[in-house]
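Descriptive analysis of the structure
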Amino acid sequence: MASSNSSPAIRKPQRQRGVARVESLLEAAGEAFAERGYDAATMTQIAAGAGASIGSLYQFFPTKELVAEALVARYVSALHADLRRMAGQARSMDARGLGAKLLRTVYDFRRKNPGFVTLGEATNLPDTIVLGLRNTLRDLITDILVAFAPDIAREKLRPQSFVLLQLMKSFAALSAEPSIKGRKDILAALEDTFVLALEHLDA
């Protein structure tokens, strides 16, 4: 997700204090994006949320787009670790167990990182950032499916990752929807659909 050579670049901190400052700025950015949306959030609001000066923010991230790029990379790294661990366990799991774990993992991650949801659905970010995030998730889900169903060719499992990712997003959205009636039954039905898809990967 590197920026083009003609664009400003992210400055990497050289000292631990700088690393901590960047982490604080990215945490604040995630909160600002989640609360206001990517377009409406400002660099001033991000800096204020981190208790930093605007100059400190620009020192590491010359543009808001670079803040988003760094935040997406941070989310991908964290989710990558979670899903890679699951890939190592998938071969010994049945469809019900794997389905429940996948749905819960993605739901918990989205709940803990609301900025992830905002950036994943942003329409005013470069395709390299938004599509890069989606394709990374699809790749990770495909890795899990390959471990779960090693007798099925990867190229046949890849399209299934698109479907499963959409079901995961629906599960997370319905889980978070306020005052939804019959939530438990609705989520159980969606989980059954998810499990059914896992049981028929070779269809």
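Rules used in this analysis
- Residues numbered from 1 in each chain as written.
- Predicted model: local features only at pLDDT ≥ 70, side-chain atom pairs only at ≥ 80, totals over all residues.
- Heavy atoms only, no water.
- Core = buried A, V, L, I, M, F, W, Y, C linked by side-chain atoms within 4.5 Å.
- Buried < 20%, exposed > 50% of the residue type's maximum accessible area, 1.4 Å probe, protein only.
- Helix = DSSP H or I, 4+ residues; strand = E, 2+ residues; numbered from the N terminus.
- Contact = heavy atoms within 4.5 Å.
- Expected span 1.5 Å × (residues − 1).
- Arc of directions from axis to C-beta.
- Phe/Tyr/Trp six-rings, centres within 6.5 Å; stacked < 30°, edge-to-face > 60°.
- Lys NZ or Arg CZ within 6 Å of the ring centre and 35° of its normal.
- Axes fitted to C-alpha atoms, helices over the stretch in contact; angles between N-to-C directions.
- Parallel < 35°, antiparallel > 145°, perpendicular 65-115°, else oblique.
- Nonpolar A, V, L, I, M, F, W, Y, C, P; charged D, E, K, R; others polar.

Glancing now at the nonpolar core. Ranked by internal contacts, the top residues of the largest apolar core, which has 66 residues, are Phe-33, Phe-61, Val-67, Leu-119 and Leu-164. Tallying contributions element by element places helix H4 (residues 64–89) first for this core, with eleven residues.

What follows covers unusual backbone geometry. Phi at Ser-179 takes a positive value of approximately 55°, unusual for a residue other than glycine. Considering the arrangement of structural elements, one finds Ser-179 in the loop between helix H8 (154–176) and helix H9 (183–199). Judged by its relative accessible area of 71%, Ser-179 is exposed.

Assignment of secondary structure puts Met-93 in the loop between H4 and helix H5 (95–112). Along the primary structure Met-93 and Leu-26 are separated by 67 residues, whereas in three dimensions their C-alpha atoms are 36 Å apart. Filtering out sequence-adjacent residues up to four positions away, Met-93 remains in contact with Leu-98, Lys-101 and Phe-148.

Here H9 spans 24 Å end to end across 17 residues, near enough to the 24 Å set by a 1.5 Å rise per residue. Restricting attention to buried positions, one finds in H9 the residues Leu-187, Leu-190, Glu-191, Phe-194, Val-195, Ala-197 and Leu-198. Seen from one end, H9 has its buried residues packed into an arc of 155°, which puts them on one side. Close packing links the buried residues of H9 with H5, helix H7 (127–148) and H8.

Let us now look at the packing of aromatic side chains. Applying the stated criterion across every chain yields a total of five aromatic pairs. Centroid distance Tyr-107 to Phe-171: 6.5 Å. Interplanar angle 85°. Geometry classified as edge-to-face. On the criterion of sequence distance, the pair formed by Tyr-107 in helix H5 and Phe-171 in helix H8 is long-range, its members being 64 residues apart. For Tyr-107, a relative accessible area of 17% puts it in the buried group. Each member of the aromatic cluster is reached from another via a ring pair, and the members are Tyr-75, Phe-109 and Phe-116. Taking NZ or CZ as reference, Lys-64 lies 4.6 Å from the ring centre of Tyr-38, over its face.

On to the packing of H8 against H9. Where H8 meets H9, the axes come as close as 10 Å, and the angle between the chain directions of the two elements is 170°. Classified by the angle between their axes, H8 and H9 sit roughly antiparallel to one another. The segment H8 lies against H9, with Leu-164, Leu-167, Met-168, Ser-170, Phe-171, Leu-174, Ser-175 and Ala-176 engaging Arg-183, Ile-186, Leu-187, Leu-190, Thr-193, Phe-194, Ala-197 and Leu-198. For the contact of H8 with H9, the residue count by class is twelve nonpolar, three polar and one charged.

What follows deals with H7. Between its first and last C-alpha atoms H7 spans 31 Å; for 22 residues at 1.5 Å apiece the expected length is 32 Å, and the two agree. Among the residues of H7, those classed as buried are Ile-129, Val-130, Leu-133, Leu-137, Arg-138, Leu-140, Ile-141, Thr-142, Ile-144, Leu-145, Ala-147 and Phe-148.

Take it as geometry only, folks, not as evidence of what the structure does.
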